[in-house]
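A structural walkthrough
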Amino acid sequence: MKKGLQEGETIRIDEQRTLSSWSFSQGIAEGFVRDKNFGFVVKALMPIDRIFAIIDITMESESVFISYEEAEEFEVVLIIGGDEDE
């Protein structure tokens, strides 16, 4: 993790994937990090034109987004160990 990374800070993430999956629930996202006891959760407002799919299942509603070619900024909302580059 970047030295001094703090909750509420905005970070840039350069995604190398064409598609990324995002939960509509902050609690669900935080649960994944807490279960692994590793990583961090970021919050984002995504433009509607990037939505590839919305998946609504019993346990979790999530969306799949098409990534931009440039790094994007996200607000850090939870940190539990890990490395910003992972």
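Now for a look at the structure at hand. (Residues numbered from 1 in each chain as written. Predicted model: local features only at pLDDT ≥ 70, side-chain atom pairs only at ≥ 80, totals over all residues. Heavy atoms only, no water.)

**A look at the overall build of the protein**
Helix and strand counts for the protein stand at 1 helix and 6 strands. When the helices and strands of the protein are placed in sequence order, the string is β-β-α-β-β-β-β. Counting all 86 residues of the protein, 30% fall into the buried class. (Helix = DSSP H or I, 4+ residues; strand = E, 2+ residues; numbered from the N terminus. Buried < 20%, exposed > 50% of the residue type's maximum accessible area, 1.4 Å probe, protein only.)

**With respect to the sheet that holds strand β5 (residues 61-66)**
Strand order in this open sheet of 3 strands is β2-β5-β4, and the pairing throughout is antiparallel. A single partner strand is all that each edge strand has here, and the edge strands are β2 (19-23) and β4 (51-56). The average undirected angle you get between the axes of adjacent strands in this sheet is 20°. (Pairing = 2+ DSSP bridges. Axes fitted to C-alpha atoms, helices over the stretch in contact; angles between N-to-C directions.)

**Notes on the nonpolar core**
Formed by Leu5, Ile11, Trp22, Phe40, Val42, Met46, Phe65, Phe74 and Val76, the largest nonpolar core amounts to 9 residues. Secondary structure elements with two or more residues in this core: β3 (39-43) and β6 (72-80). If we skip the residues at most four places from it in the chain, valine 76 touches Leu5, Gln6, Glu7, Gly8, Glu9, Ile11, Val41 and Val42. In this structure, Ala29, Val33, Val41 and Ile80 belong to the second largest nonpolar core, which totals 6 residues. (Core = buried A, V, L, I, M, F, W, Y, C linked by side-chain atoms within 4.5 Å. Contact = heavy atoms within 4.5 Å.)

**Some remarks on a nonpolar patch on the surface**
Residues Phe24, Ile48, Ile51 and Ile54 make up a contiguous nonpolar surface patch of roughly 440 Å² in combined accessible area. Given a relative accessible area of 53%, phenylalanine 24 falls into the exposed group. (Patch = residues over 30% accessible without salt bridge, like charges linked within 9 Å, V, L, I, M, F, W, Y side chains within 5 Å. Areas by Shrake-Rupley, 256 points an atom, 1.4 Å probe, with all protein chains shown as cover. Salt bridge = Lys/Arg side-chain N within 4 Å of Asp/Glu carboxyl O.)

**Looking at the environment of tryptophan 22**
Within the element layout of this structure, tryptophan 22 appears in strand β2. Separated by 43 residues in the primary sequence, tryptophan 22 and phenylalanine 65 have C-alpha atoms spaced 7.6 Å apart. In this structure the side chain of tryptophan 22 is engaged in a polar contact, spanning 2.9 Å, whose partner is the side chain of serine 20. (Polar contact = N/O pair within 3.5 Å; in protein donor to acceptor, adjacent residues only side chain to side chain.)

**Re the sheet that holds β6**
Taken in spatial order, the 3 strands make up an open sheet running β1-β6-β3, and their pairing is antiparallel. The sheet is open, and its two edges are formed by β1 (10-13) and β3, each paired on a single side. Mean inter-strand twist for the sheet, computed between neighbouring axes without regard to direction, equals 55°. In the packing of helix α1 (residues 26-36) onto the sheet, contacts are made with β3 and β6, and the angle to β6 comes to roughly 60°.

**Examining the pairing of β4**
Here is the key point about a regular strand: its side chains alternate between the two faces of the sheet. Among the 6 residues of β4, 0 are classified as buried, and the element is accordingly described as predominantly exposed. With 5 bridges joining them, β4 and β5 adopt antiparallel strand pairing. Of the residues in β5, the one forming a bridge with aspartate 56 is serine 61.

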